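# Observations on chain architecture
Below are the chains, spelled out letter by letter.
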Amino acid sequence: MDAFDYVIVGAGTAGCVLASRLSEDPSVSVLLLEAGGSDRTIWIQLPIGYGRTYFDASINWMYDTAPVPGLNGRESYWPRGKVIGGSGSINAMVHVRGRPEDFDDWKDLGNPGWGFDDVLHYFMRAEDFDGGPRSHRGRGGPVRVTDLTGLAHPLCQTFIAASQTLGFPSTDDFNGPSGEGVGLYQITTRDGLRASTANAYLRPALQRKNLKLISHAQATGLTFDGARATGVSYRRQAVEQTVSARREVILCAGTIGSAQLLMLSGVGDGADLQALGIPVRHHAPAVGRNIQDHLAVSYFYKTNRPTLNNELRPFHGKALAGLRYLWDRGGPLSMSVNQAGGFIRSRPDLTRPDLQLYFSPVSYTQTPLSERRLLNPDPFPAVLLSFNACRPTSRGRMSLSSPDPFEYPLIEPNYLSTDKDIEDAVTGSRLLRQLAAAEPLKSVFVEELIPGPKVATDEDLLADFRDRADTVYHPVGSCGMGPDPTRHVVDPRLKAHGLEGLRIADASIFPTVTSGNTNAPTTMVAEKAADLIRSDDSA
Ligand SMILES: Cc1cc2nc3c(=O)[nH]c(=O)nc-3n(C[C@H](O)[C@H](O)[C@H](O)COP(=O)(O)OP(=O)(O)OC[C@H]3O[C@@H](n4cnc5c(N)ncnc54)[C@H](O)[C@@H]3O)c2cc1C
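This report concerns the structure included in the present document. (Residues numbered from 1 in each chain as written. Predicted model: local features only at pLDDT ≥ 70, side-chain atom pairs only at ≥ 80, totals over all residues. Heavy atoms only, no water.)

Before going further, it helps to examine the overall build of the chain. When helices and strands are tallied, the chain shows 15 helices and 25 strands. The C-alpha atoms of the chain give a radius of gyration of 22 Å, which matches the 24 Å a tight globule of 539 residues would have. When the backbone C-alpha atoms are referred to their principal axes, the chain occupies close to 70 × 50 × 45 Å. Classification of the 539 residues of the chain by burial places 61% in the buried group. Across the chain, 54 positive and 60 negative side-chain charges occur, with their mean positions spaced 5 Å apart. (Helix = DSSP H or I, 4+ residues; strand = E, 2+ residues; numbered from the N terminus. Rg over C-alpha atoms; globule rule 2.2 N^0.38 Å. Buried < 20%, exposed > 50% of the residue type's maximum accessible area, 1.4 Å probe, protein only. Lys, Arg positive; Asp, Glu negative; His and termini not counted. Charge placed at Lys NZ, Arg CZ, Asp CG, Glu CD.)

Among the secondary structure elements, Asp225 is positioned in strand 12 (residues 218-225). In this structure the C-alpha to C-alpha distance between Asp225 and Glu500, which are 275 residues apart in sequence, comes to 9.6 Å.

Looking now at the environment of Glu127. Inspection of the secondary structure assignment puts Glu127 in strand 5 (residues 127-129). On a C-alpha basis, the gap between Glu127 and Asn310 in space is 34 Å, while along the polypeptide they are 183 residues apart. Once residues within four sequence positions are removed from consideration, Glu127 is found in contact with His95, Arg97, His136, Arg137, Gly138, Arg139, Gly140, Gly141, Val143 and Val145. (Contact = heavy atoms within 4.5 Å.)

For the rest of this paragraph, the subject is the sheet that holds strand 8 (residues 186-187). Think of a sheet as strands paired side by side through backbone hydrogen bonds, with each pair either parallel or antiparallel. Strands sit in the order 5-6-8 across an open sheet of three strands; the sheet is mixed. Edge positions in the open sheet fall to strand 5 and strand 8, since each of these has one partner strand only. Two elements, strand 5 and strand 6 (residues 143-147), share three bridges in a ladder whose sense is parallel. The residue of strand 6 that forms the bridge with Phe129 is Val145. This element, helix 5 (residues 116-126), spans strand 5 and strand 6 of the sheet and lies at about 65 degrees to strand 5. (Pairing = 2+ DSSP bridges. Axes fitted to C-alpha atoms, helices over the stretch in contact; angles between N-to-C directions.)

What follows is about the site of the ligand. Around the ligand there are 37 residues in total, and Thr13, Glu34, Ser87, Thr518 and Asn519 lie nearest to it. Between a nitrogen atom of the ligand and a main-chain N or O atom of Ala35, the distance comes to 3.1 Å. One of the side-chain N or O atoms of Asn91 is found 3.0 Å from an oxygen atom in the ligand. Considered class by class, the residues forming the shell around the ligand number 17 nonpolar, 16 polar and four charged. (Near = heavy atom within 4 Å. Polar contact = N/O pair within 3.5 Å; in protein donor to acceptor, adjacent residues only side chain to side chain. Nonpolar A, V, L, I, M, F, W, Y, C, P; charged D, E, K, R; others polar.)

What follows covers the pairing of strand 18 (residues 340-344). Summarising burial for strand 18: five of the five residues are buried, a large majority. Burial along strand 18 is two-sided: the residues Ala340, Gly342 and Ile344 and Gly341 and Phe343 are all buried. Two strands pair when backbone bridges link them, and strand 7 (residues 181-184) and strand 18 are joined in this way by four bridges, in the antiparallel orientation. Looking at strand 18, one finds that Leu184 is bridged to Ala340. Judged from the five bridges that link them, strand 18 and strand 19 (residues 355-360) form a sheet pairing that is antiparallel. Counted as the bridge partner of Ala340 is Phe359 from strand 19.

Attention now goes to the side chain of Asp293. Position of Asp293 among the secondary structure elements: in the loop between strand 16 (282-283) and strand 17 (295-303). Buried within the structure, Asp293 lacks any salt-bridge partner; its nearest side chain of opposite charge belongs to Arg80, at an N-O separation of 6.6 Å. A polar side-chain atom of Asp293 sits 2.6 Å from a polar atom in the side chain of Tyr415. One polar contact links the side chain of Asp293 to the main-chain amide nitrogen of His474, over a distance of 2.9 Å. (Salt bridge = Lys/Arg side-chain N within 4 Å of Asp/Glu carboxyl O.)

Below, the structure written as structure tokens:
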């Protein structure tokens, strides 16, 4: 049987960082197992290509949740990358660290070393920010972060001005010391190409002899010697194989994959596992609980000014955008469609932002729900405004539907199951309407296409939210970090409670969802995990 010092499961956002950092030490050997295959396709590398990867089963797990009572019994579609780079290869590239208080919350929940002052260093180490000189920003790190100042569509400034009319501050950097207010998003691209952690960390590290990547290898279970994890079983080309880990097994299989693999290996709620006939290795009732996600709704407005619809819809527009991209790797193909937004307080008495906004100078009201063709927007000028609550209080869960590792687990997001989240849904929807009615947006908007004027009262707004709101693709927390083995899965050093030789380092360990997008904080978690592992193993 092959043996490595570290066996990492999952070459997603976190796994690529860890494989790269741990293999910096030439005296250790690292194996990275990934269920998916190559990320060398145009639709992954071209920034706007993520519309095409959204429903591509060859690189996407394409989960459907169970029907959600809070969404009128609708299922929610959860895309997740099944490819080198993981969800970081199919995401919208928005780079937001989260609010400093998010990490202070993590610390206050019993996780010393995870406060903002502790983790800032890791955010900075990861990034290579291309904007002007600023404190708090990293230079020369692996992940190129592109400032959209001067690149975003001109209507983004109209959105920012309307927000200021309502009294919201503007900011030139959501990742700066304050970061509150409205402004332009930054994205993870380098020279007009996606800067996933696969491109930024893994690809250069694969030159090293002590790092091995095996793709198309789906882990099916962990092997143990008593309480100690000793290796990983995986299936590749219909052949079951096992590798052993001399030092540690590290799960980076993401919010769904990491919890699923634990449960398949007998680590989870004992009664649930027994009901499926899985021998209980370690009763860990918190596995699969505590799932949190951002839930957003979009409002669509027809405009009297050209938007990206005018540039991308006609054939000659696509051709021009293509030529522009070939010329200098710039223009709309080099960006996400989420270009502006903000973190705002819906009431002045709040101590921190409670809503995240998105402004996209493009619309897709006529695209069937089963498609997401970012290059085929509406044939008239229009934009979309969206919001989500920053810190939802609803908690979801996932469990195995079968002991078969190739069956998908049951995911129950439990959206809108608290009064607070319901209240936020109405507050945010009302706020989008206020923004649309504020100058200078008001003069640019011709008509609200969706949901339209028939949706008028708070009851209507909530009913519309239940009908149309959906995930922003930020599920976290299924293996939450904290001190209590009955409520948390890993301790503050990311070691699985009650077991040895096993850590988890990905978005599943977030104790609470951060206020913004989750890729940058996942990268931070993996950067910090690398230091924790190196220091523990050299002690
Ligand atoms: C469509 C979409 C848009 C998004 N947009 C943004 C955005 O704009 N900005 C942002 O910050 N965040 C965004 N996100 C979220 C962000 O990408 C994720 O939070 C982040 O990638 C999570 O990283 P991870 O390492 O936890 O998991 P992943 O990146 O999902 O990696 C998990 C990896 O493990 C592999 N794996 C799973 N199970 C197994 C197994 N049994 N054996 C072997 N391998 C396995 C998977 O194939 C995958 O490669 C988006 C996500 C999606 C899906």
